[in-house]
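What follows is each chain in one-letter form.
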Amino acid sequence: KGATGDNNSQDGSDNGAAGAGGGSLFSSFGGNGGGKVVDKSKERVDSEAIAQAAIDKARNTLELKRFLEENKTDEQRYEEVRKKIEGQLEELDG
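Rules of the game
Residues numbered from 1 in each chain as written. Predicted model: local features only at pLDDT ≥ 70, side-chain atom pairs only at ≥ 80, totals over all residues. Heavy atoms only, no water. Helix = DSSP H or I, 4+ residues; strand = E, 2+ residues; numbered from the N terminus. Areas by Shrake-Rupley, 256 points an atom, 1.4 Å probe, with all protein chains shown as cover. pLDDT = per-residue confidence, 0-100. Contact = heavy atoms within 4.5 Å. Salt bridge = Lys/Arg side-chain N within 4 Å of Asp/Glu carboxyl O. Buried < 20%, exposed > 50% of the residue type's maximum accessible area, 1.4 Å probe, protein only. Polar contact = N/O pair within 3.5 Å; in protein donor to acceptor, adjacent residues only side chain to side chain.

Broken down by element type, the chain carries 2 helices and 0 strands. As displayed, the chain offers around 8200 Å² of accessible surface, 54% of which is attributable to carbon and sulfur atoms.

Turning next to the confidence of the model for the chain. Overall, the predicted model of the chain reaches an average pLDDT of 76, with 56% of residues at or above 70. Between residues 6–13, whose pLDDT stays under 50, and residues either more than four places distant or in other chains, the model counts 9 contacts. Confidence drops under a pLDDT of 50 for residues 15–20, and excluding neighbours within four residues, the segment shows 3 contacts in the predicted structure.

Turning next to the pattern of salt bridges. Per the stated rule, a full pass over the model turns up 6 salt bridges. The partner of arginine 59 in a salt bridge is aspartate 56, with the nearest N and O atoms 3.5 Å apart. With arginine 59 and aspartate 56 both in helix α1 (residues 47–70) and 3 residues apart, the pair spans about one turn of that helix. On the basis of relative accessible area, aspartate 56 is assigned to the partly exposed category, the value being 31%. Of the charged contacts in the structure, one is a salt bridge between arginine 82 and glutamate 79, with a shortest N-O distance of 2.2 Å. Placement of the pair is arginine 82 and glutamate 79 together in helix α2 (residues 74–93), with a separation of 3 residues, close to one helical turn. Judged by its relative accessible area of 29%, arginine 82 falls in the partly exposed class.

What follows concerns the side chain of lysine 72. Residue placement: lysine 72 occurs in the loop between α1 and α2. Residue class for lysine 72 comes out buried when judged on its relative accessible area of 15%. Engagement of the side chain of lysine 72 in a polar contact is seen with the side chain of glutamate 69, the distance being 3.1 Å.

Following this line, the structure appears as structure tokens:
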């Protein structure tokens with residue numbers, strides 16, 4: 001199944017070996033026609049939906065990171081500063 005959850009293309013065919021028009025399996029990828037444009041309606045996987053989901057996930061992760069950074073407790077900030085100072089001291093000693 002594709003990302004949209006269905007096995008059928010928009011015209012009801014299953015895009016199998018006996019595909020619409022009996023063309024070559026690779027004809028939609030420009031194998032026979034040279035500079036052909038791929039018909040997005042015949043994709044088995046909705047690449048635009050997958051790309052949008054990846055963008056949404058990245059955006060949500062960034063939003064969460066910003067939220068957590070803005071809402072740190074004093075103890076968390078103190079711990080960060082302490083670790084940073086210890087790291088600098090190790091660099092000077094090492």
